[in-house]
Amino acid sequence: QVQLVESGGGLVQAGGSLRLSCAASGRAFSRYSMAWFRQAPGKEREFVATIRWTGGSTDYADSVKGRFTISRDNAKNTVYLQMNNLKPDDMAVYYCAAAFFTVAGLLMPQTYTYWGQGTQVTVSS
């Protein structure tokens, strides 16, 4: 069982930066592939970034490549999302997700067993 708590959301002007954190409780964090998804009002939840438990390889949605960076600190049981050059289209609730011992299907929300409560990111133009 893993509990995920996101933090770091807030209001930022377009072009600004935010760093989201997701703190995980429970054991074996290093064996979870972790991801960030986001959901804007009236839209489906969409994939943002993932980092695999094996070797730390990453994938990103095309819309955030070159602007967002996902990373993890297994010693702190925490995954991060550094978001630079934010755009109004990035405005959404951002969710952290965890999948145990999994490296396939990581771009799909149904792959993930555990979810955080979400943190709001608001980007003003």
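Here's what I pulled together on the structure shown here. All values derive from a computational prediction rather than experimental measurement.

### Considerations on the side chain of Arg-72
Relative to the elements of secondary structure, Arg-72 occurs in strand E7 (residues 68-73). Among buried charged residues, Arg-72 stands out as having no salt bridge; its nearest opposite-charge side chain is Asp-73, 8.3 Å away. At 2.9 Å, the side chain of Arg-72 and the backbone oxygen of Phe-29 are in polar contact. Side-chain polar atoms of Arg-72 contact the backbone oxygen of Tyr-32, separated by 2.8 Å. Beyond its immediate sequence surroundings of up to four residues, Arg-72 is in contact with Phe-29, Ser-30, Tyr-32, Ser-33, Met-34, Ile-51, Arg-52, Trp-53, Thr-78 and Val-79.

### Observations concerning the pattern of salt bridges
The full count for this structure, using the stated rule, is 5 salt bridges. With its nearest N and O atoms 2.9 Å apart, the salt bridge here joins Arg-38 to Asp-90. Placement of Arg-38 in strand E4 (residues 32-39) and of Asp-90 in the loop between strand E8 (78-83) and strand E9 (92-100) is noted, with a sequence separation of 52 residues between them. Like Arg-38, the residue Asp-90 is buried in the burial classification. Linking Asp-62 and Lys-65 is a salt bridge whose minimum nitrogen-to-oxygen distance equals 3.2 Å.

### Here we look at the state of the cysteines
In total, this model carries 1 disulfide according to the counting rule given. The disulfide partner of Cys-22 is Cys-96, and the gap between their sulfur atoms is 2.1 Å. On the sign convention where negative is left-handed, the bridge of Cys-22 and Cys-96, at about -80° about the S-S bond, is left-handed. Placement of the pair is Cys-22 in strand E3 (residues 18-25) and Cys-96 in strand E9, with a sequence separation of 74 residues. Classification of Cys-22 by relative accessible area gives buried; the value is 0%. By relative accessible area, Cys-96 is classed as buried at 0%.

### Quick notes on the packing of aromatic side chains
Applying the stated criterion to the full structure yields 8 aromatic pairs. Arranged with centres 5.8 Å apart and planes meeting at 75°, the rings of Phe-37 and Phe-47 form a pair that is edge-to-face. With Phe-37 in strand E4 and Phe-47 in strand E5 (residues 46-51), this pair connects stretches of sequence that are 10 residues apart. Take Phe-47: its relative accessible area is 11%, and that puts it in the buried class.

About the cut-offs
Each chain carries its own residue numbering, running from 1 in the written order of its sequence. Where totals are concerned, whole chains, interfaces and linings use all residues; where local detail is concerned, this predicted model gives features only for residues with pLDDT of at least 70, and gives and counts side-chain atom pairs only at 80 or more. Heavy atoms throughout the structure, all of them, feed into the side-chain values; hydrogens and water do not. Going along the chain from the N terminus, every DSSP run of H or I of four or more residues is numbered as a helix, and every run of E of two or more is numbered as a strand. Each residue's exposure class comes from its accessible area (1.4 Å probe, protein chains only) as a fraction of the maximum for that residue type: buried when under 20%, exposed when over 50%, partly exposed otherwise. Charge counting follows a simple rule: Lys and Arg are positive, Asp and Glu are negative, and His as well as the terminal groups are ignored. Only one rule defines a salt bridge in this text: a Lys or Arg side-chain nitrogen within 4 Å of an Asp or Glu carboxyl oxygen. Under the rule applied, a polar contact is a pair of N or O atoms within 3.5 Å (in protein, one hydrogen donor and one hydrogen acceptor; residues adjacent in sequence only if both atoms are side-chain atoms). Throughout, a residue-residue contact means that at least one pair of heavy atoms, one from each residue, lies within 4.5 Å. Count a disulfide wherever a pair of cysteine sulfur atoms falls within 2.5 Å. Classification of ring pairs uses Phe, Tyr and Trp, with its six-membered ring standing for Trp, and accepts pairs whose centres are within 6.5 Å; under 30 degrees between planes counts as stacked, over 60 as edge-to-face, and the remaining range as tilted.

Nothing here speaks to function; it is geometry throughout.
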